[in-house]
Amino acid sequence: METIYFKGTPCHTYGMVPSVGETAPCYHLSGCDLSQVTCHDFPDKRVVLNIFPSLDTEVCARSVRRFNKEASELKDTVVICVSMDLPFAMGRFCTIEGIKDVVFASAFRSPLFGQKFGVQICDGPLAGLLARTVIILDKDRKVIFRDLVSEITNEPDYDAALRVLKGEY
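Below: a short report on this structure.

## A short note on the overall build of the protein chain
Counting its secondary structure elements, the protein chain contains 4 helices and 9 strands. Overall, the protein chain shows an N-to-C arrangement of helices and strands of β-β-β-β-β-α-β-α-β-α-β-β-α. Its C-alpha atoms give the protein chain a radius of gyration of 14 Å, within 12% of the compact-globule value 15 Å for 169 residues. The C-alpha extent of the protein chain, read off along each of the three principal axes, is 40 × 35 × 25 Å. With 169 residues in all, the protein chain has 51% of them scored as buried.

What follows is the structure in structure tokens.
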């Protein structure tokens, strides 16, 4: 169980976010068109899992825009933005915002995703949603970066994540 905060109030997650060096669990999520998005879809690529509660919050929307702009330009890297939002809402957000360089994936049909990755919030006002987390996987699905944001209303440490992706760690 991890402890995070929502506006200063402690909340907890099911399980633990995988540590650096661990092999991440496989994932099965739903794309904007209801197709499957899985851990097998991006062979020979590093995967950035940009996990957040909902696109309907400004902090979450900013993280998608930022990763769309910066991380998506990196070679051999795919950014997957994961939340419990319905695929239709994700598609609408992409269209309105002109987001084209990240993959959207909903965990709405995959409750085990949040539990396996230790990011499903189990208590407090956001119970059932996913905690703001950035996990970077290498080409073999080994975790090379993890940032479980302690105060969910804050943005992740983009600079640290981008340094890892650029090999500057």
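## Re the sheet that holds strand S3 (residues 28-31)
Read across the sheet, 7 strands follow the order S4-S3-S7-S6-S5-S8-S9 without closing on themselves; strand pairing throughout is mixed. Two strands lie at the open edges of the sheet, namely strand S4 (36-38) and strand S9 (143-148), each paired on one side alone. Strand-to-strand, the axes of this sheet are offset by a mean angle of 30 degrees, without reference to chain direction.

## Quick look at the state of the cysteines
Counted by the stated rule, this structure contains 1 disulfide. In this model Cys-26 forms its disulfide with Cys-39; the gap between the sulfur atoms is 1.7 Å. Measuring handedness by torsion sign, the sulfur bridge of Cys-26 and Cys-39 sits at about -75 degrees and is left-handed. Within this pair, whereas Cys-26 is found in the loop between strand S2 (9-12) and S3, its partner Cys-39 is found in the loop between S4 and strand S5 (46-51), the two being separated by 13 residues in sequence.

## Section: the nonpolar core
Ranked by internal contacts, the top residues of the largest apolar core, which has 31 residues, are Tyr-27, Leu-49, Ile-80, Val-82 and Phe-113. Secondary-structure elements contributing two or more residues to this core are strand S1 (3-6), S5, strand S6 (77-83), strand S8 (133-137) and S9. Residues within four places of Tyr-27 in sequence aside, it is in contact with Val-37, Thr-38, Cys-39, Phe-42, Val-47, Ile-80, Phe-113, Phe-117 and Leu-137. Residues Leu-55, Val-134, Tyr-158 and Ala-160 belong to the second largest nonpolar core, which totals 22 residues.

## Let's talk about the environment of Val-103
As for its position among the elements, Val-103 is in strand S7 (residues 103-106). C-alpha of Val-103 to C-alpha of Val-78: the two residues are 25 residues apart in sequence and 7.5 Å apart in space. Beyond its immediate chain neighbours, meaning those up to four positions away, Val-103 contacts Val-37, Phe-42, Val-78, Val-79, Ile-80 and Cys-81.

## Notes on the pattern of salt bridges
Side-chain pairs of opposite charge can arise where the charged atoms are in close proximity. Enumeration over the complete set of coordinates arrives at 2 salt bridges. Here Glu-2 ties to Arg-146 by a salt bridge, and the two come within 2.8 Å at their closest N and O atoms. Within this pair, whereas Glu-2 is found in the segment before S1, its partner Arg-146 is found in strand S9, the two being separated by 144 residues in sequence. Given the relative accessible area of 11%, Glu-2 is considered buried. On the basis of relative accessibility, which here comes to 29%, the residue Arg-146 falls in the partly exposed class. Note that Lys-139 and Asp-76 form a salt bridge whose closest N and O atoms lie 3.7 Å from each other. In this pair, Lys-139 sits in the loop between S8 and S9 while Asp-76 sits in the loop between helix H1 (58-69) and S6, placing the two residues 63 residues apart along the sequence.

## A short note on unusual backbone geometry
Although it is not a glycine, Leu-34 adopts a positive phi angle of roughly 75 degrees. Structurally, Leu-34 can be placed in the loop between S3 and S4. Taking the relative accessible area as the measure of exposure, Leu-34 reaches 37% and is therefore partly exposed. For Arg-141, which is not a glycine, the phi torsion comes out positive at approximately 70 degrees.

Here is what the cut-offs are and how they apply
- Residues numbered from 1 in each chain as written.
- Predicted model: local features only at pLDDT ≥ 70, side-chain atom pairs only at ≥ 80, totals over all residues.
- Heavy atoms only, no water.
- Helix = DSSP H or I, 4+ residues; strand = E, 2+ residues; numbered from the N terminus.
- Rg over C-alpha atoms; globule rule 2.2 N^0.38 Å.
- Buried < 20%, exposed > 50% of the residue type's maximum accessible area, 1.4 Å probe, protein only.
- Pairing = 2+ DSSP bridges.
- Axes fitted to C-alpha atoms, helices over the stretch in contact; angles between N-to-C directions.
- Disulfide = S-S within 2.5 Å.
- Core = buried A, V, L, I, M, F, W, Y, C linked by side-chain atoms within 4.5 Å.
- Contact = heavy atoms within 4.5 Å.
- Salt bridge = Lys/Arg side-chain N within 4 Å of Asp/Glu carboxyl O.

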